[in-house]
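Each chain is listed here by its residues.
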Amino acid sequence: MSRREVHESMRVRIEREVCTGAGDCARAVPEVFVMGDDGLARVQEGGIPLGDDAGASGFTLWAEVPDSLASAVEQATADCPGACIVIEHSAPEPEPAPEPEPAPEPEPEPEPKVVAENVAPSPRSSIPKRIGFRLRRLFG
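Residues numbered from 1 in each chain as written. Predicted model: local features only at pLDDT ≥ 70, side-chain atom pairs only at ≥ 80, totals over all residues. Heavy atoms only, no water.

1. Digging into the overall build of the chain
In terms of helices and strands, the chain carries 3 helices and 6 strands. In sequence order, the secondary structure elements of the chain are arranged as β-α-β-β-β-β-α-β-α. Burial statistics for the chain: of 140 residues in total, 27% are counted as buried. Of the contacts formed within the chain by residues at least 6 apart in sequence, a portion of 61% connects residues at least 24 apart. (Helix = DSSP H or I, 4+ residues; strand = E, 2+ residues; numbered from the N terminus. Buried < 20%, exposed > 50% of the residue type's maximum accessible area, 1.4 Å probe, protein only. Contact = heavy atoms within 4.5 Å.)

2. Some remarks on the sheet that holds strand β4 (residues 48-49)
Read across the sheet, 3 strands follow the order β2-β3-β4 without closing on themselves; strand pairing throughout is antiparallel. Of all strands in the sheet, those with a lone pairing partner are β2 (33-35) and β4, marking the two edges. Here β2 pairs with strand β3 (residues 41-45) via 3 bridges, running antiparallel. Across the sheet, the residue bridging to M35 is A41, located in β3. (Pairing = 2+ DSSP bridges.)

3. Section: the confidence of the model for the chain
Scored by pLDDT, the chain has a mean of 81; 79% of the residues are at 70 or more. In this model, residues 1-7 is a region of pLDDT below 50 whose contacts with residues beyond four sequence positions or in other chains number 15 contacts. (pLDDT = per-residue confidence, 0-100.)

4. A look at the side chain of R16
As for its placement among the helices and strands, R16 is situated in the loop between β1 (6-14) and α1 (24-28). Among the residues examined, R16 registers a relative accessible area of 9% and is labelled buried. Setting aside anything within four residues of it in sequence, one finds R16 in contact with D38, L40, A41, R42, D52, G58 and T60.

5. As for the side chain of T60
With respect to the helices, strands and loops of the structure, T60 is situated in the loop between β4 and β5 (63-66). Owing to a relative accessible area of 0%, T60 belongs among the buried residues under this scheme. With residues up to four places along the chain from it excluded, the contact list for T60 reads R13, I14, R16, R42, V43, G51, D52 and D53.

Next comes the structure, spelled out in structure tokens:
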């Protein structure tokens with residue numbers, strides 16, 4: 001079984017400290033479960049039994065479940081008398097969304113023309129100062 005045939009969204013392992021050794025899982029799905037020499041269930045991948053997980057005491061390593069066996073593994077999990085089978089579903093990676101086309105930049109609106117008709121200058125305007133300066137020079 002190659003890695004390409006494996007359904008990446010499901011993996012399984014066994015909590016060996018809880019396993020009763022009934023062997024129901026190994027009889028139901030022998031491609032994924034196998035009974036060990038100690039009488040407890042183990043998971044296997046490609047016909048090779050996997051060892052214990054050093055990072056999680058009492059558990060086997062995770063085994064990838066082929067897509068064709070996913071429903072059988074779920075049924076074996078439901079039927080396990082020791083409830084020791086752990087299934088993990090991972091969501092498939094979403095395909096990247098196509099990048100949207102950039103919207104055309106809107107043309108800048110022309111600034112409105114301000115027509116100053118009979119508008120008094122603002123109090124900070126320099127116009128009254130200039131007028132006063134010129135009047136003083138003329139009549140000074």
